[in-house]
Each structure stands twice: as C-alpha cells, then as structure tokens.
Amino acid sequence: MYFFNYTLIERLPKLLGTTKTELIGKLGVNFVLYNKWQTGDITCEKLVHLCNVTRISLSHFLTATSHPEESKLAADYVVPKEEWRDVIWKPEVIGTLFGDGSLTGLTKTAAAEKLDLYSYQAFDSWAASSSAARMNKVVEMLNAFHIDASLLFEDPNVPIPLPAWGTEDNHIS
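Given the structure is predicted, the values throughout are model-derived calculations rather than measurements.

On to the overall build of the protein, then. Helix and strand counts for the protein come out as seven helices and four strands. In sequence order, the secondary structure elements of the protein are arranged as β-α-α-α-α-β-β-α-α-α-β. For 173 residues, the compact-globule estimate of 2.2 N^0.38 gives 16 Å, and the protein sits close to it at 16 Å. For the protein, the C-alpha atoms occupy an extent of roughly 50 × 35 × 30 Å along the three principal directions. Relative to its 173 residues, the protein shows a buried fraction of 44%. Of the charged side chains in the protein, 15 are positive and 21 negative, and the gap between their average positions amounts to 8 Å.

Below, the structure is given as structure tokens:
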C-alpha cells in the first residue's frame, strides 16, 4: 500500500533549520493552509510545489510503508541544488484511468462508488484542474486499484516506491 507521510510536513521547519513563518513564506501559503497540510489535507499540486521548493523528493512523502524511517538530518532528505530536477504532477493521466478503453477497464461510476466520491465527474475535475485532486483521495485511489504512482507523478531525483501488493494482485503501471 501507499501511505502519505504528512508528519514530514510537520517536521520540515526544524529539519530545514528554519521557522514555520519563514517556511510558509517561501511556500507562498498561510498558516491555516500549512496547518491543514500537517494533517494530510494537501492537494497534489501543492505537494509537488512543496517538494520543488524544499528539494525533497516525493518519495519521502509518498511511501510504501506506514512508518517510514525518520532522519534528523536535512542532508538525508534535501537534494543539492545543482542536482535537483523538478517533480512533476500529471493530473491529465487520471482522465485515462477509468471509462471506455481505460487503463483499469472500470467505469468512472464504479470507480467513484468504490472511492466513495460524490460523483464520477470528480475524475474529470481532477484531470482538468491541476489543483483539484487531494493527496488523501489520490492515495486511496492508487491503493484501491493498485495503480503505480509514477503514472501520476514524475520524480527524476529518487524513484517513487511501488508497494509490494500481493502476487495475486495485478497493478497498473
């Protein structure tokens, strides 16, 4: 299974040797929004922005273990500036996951019901707007349908992990 390591967001100011005020200034957000992120309530777009501003790979936030090892050293997370390559969020791929001729073979309605979404149109909204999808629902979608996260995110810095789903479970990559 995939897990979202939102506790790393809470640890960032101390880890990066800065204050929360300075960090949210660099990120261009306010305290209320940053505090929501610390509970896991963050859009995919904002998470990618966070990765790119801090130069921390997405693989430290999107993990294949529920309790990832925590380091106290920024060097264990932060990629040197000259080596960093931007993380990319590809929301348009969500439009190819469900429906006729889709990668999963499921209808949008069936997928929406499985994820307890308000409407099958949520997938269209996620695909059309880079700021619509929230990490909690995307992680739920990845796990429910065994979808490789590297379809939706590109991180040339550190490979995004692939969970060890059971051998009887196929995954989509």
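That covers the picture; the talk isn't over yet.
The subject of this paragraph is the pattern of salt bridges. According to the stated counting rule, one finds five salt bridges in the structure shown. Its salt-bridge partner being Arg134, residue Asp41 comes within 2.6 Å of it at the nearest N-O pair. With Asp41 in the loop between helix H3 (31-37) and helix H4 (44-54) and Arg134 in the loop between helix H6 (121-128) and helix H7 (135-145), this pair connects stretches of sequence that are 93 residues apart. One connected set of salt bridges, linked through shared partners, spans Lys36, Asp41 and Arg134.

Below, the discussion takes up the environment of Ile56. With respect to the helices and strands, the residue Ile56 is situated in the loop between H4 and strand E2 (62-63). Overall, Ile56 belongs to the buried group, its relative accessible area being 0%. Spatially, the C-alpha atoms of Ile56 and Ala74 are 9.2 Å apart, while their sequence positions differ by 18 residues. Once residues lying within four places of it in the same chain are set aside, the contact partners of Ile56 are Leu8, Leu12, Leu16, Cys51, Phe61, Tyr77, Val78 and Trp84.

Here the focus is unusual backbone geometry. The phi angle at Asp116 is positive, at roughly 55°, despite the residue not being glycine. Among the structural elements, Asp116 can be located in the loop between helix H5 (108-114) and H6. For Asp116, a relative accessible area of 67% corresponds to the exposed category. With a phi angle near 50°, His146 is a residue other than glycine that sits in the positive phi range. Looking at where His146 falls in the secondary structure, it is placed in the loop between H7 and strand E4 (153-154).

The subject of this paragraph is H6. Regarding H6, the residues found buried are Ala122, Phe123 and Trp126. Within H6, the buried residues cover an arc of 100° as seen down the axis, which keeps them to one side. Taken together, the buried residues of H6 touch H5 and H7.

What counts and what doesn't
Residues numbered from 1 in each chain as written. Predicted model: local features only at pLDDT ≥ 70, side-chain atom pairs only at ≥ 80, totals over all residues. Heavy atoms only, no water. Helix = DSSP H or I, 4+ residues; strand = E, 2+ residues; numbered from the N terminus. Rg over C-alpha atoms; globule rule 2.2 N^0.38 Å. Buried < 20%, exposed > 50% of the residue type's maximum accessible area, 1.4 Å probe, protein only. Lys, Arg positive; Asp, Glu negative; His and termini not counted. Charge placed at Lys NZ, Arg CZ, Asp CG, Glu CD. Salt bridge = Lys/Arg side-chain N within 4 Å of Asp/Glu carboxyl O. Contact = heavy atoms within 4.5 Å. Arc of directions from axis to C-beta.

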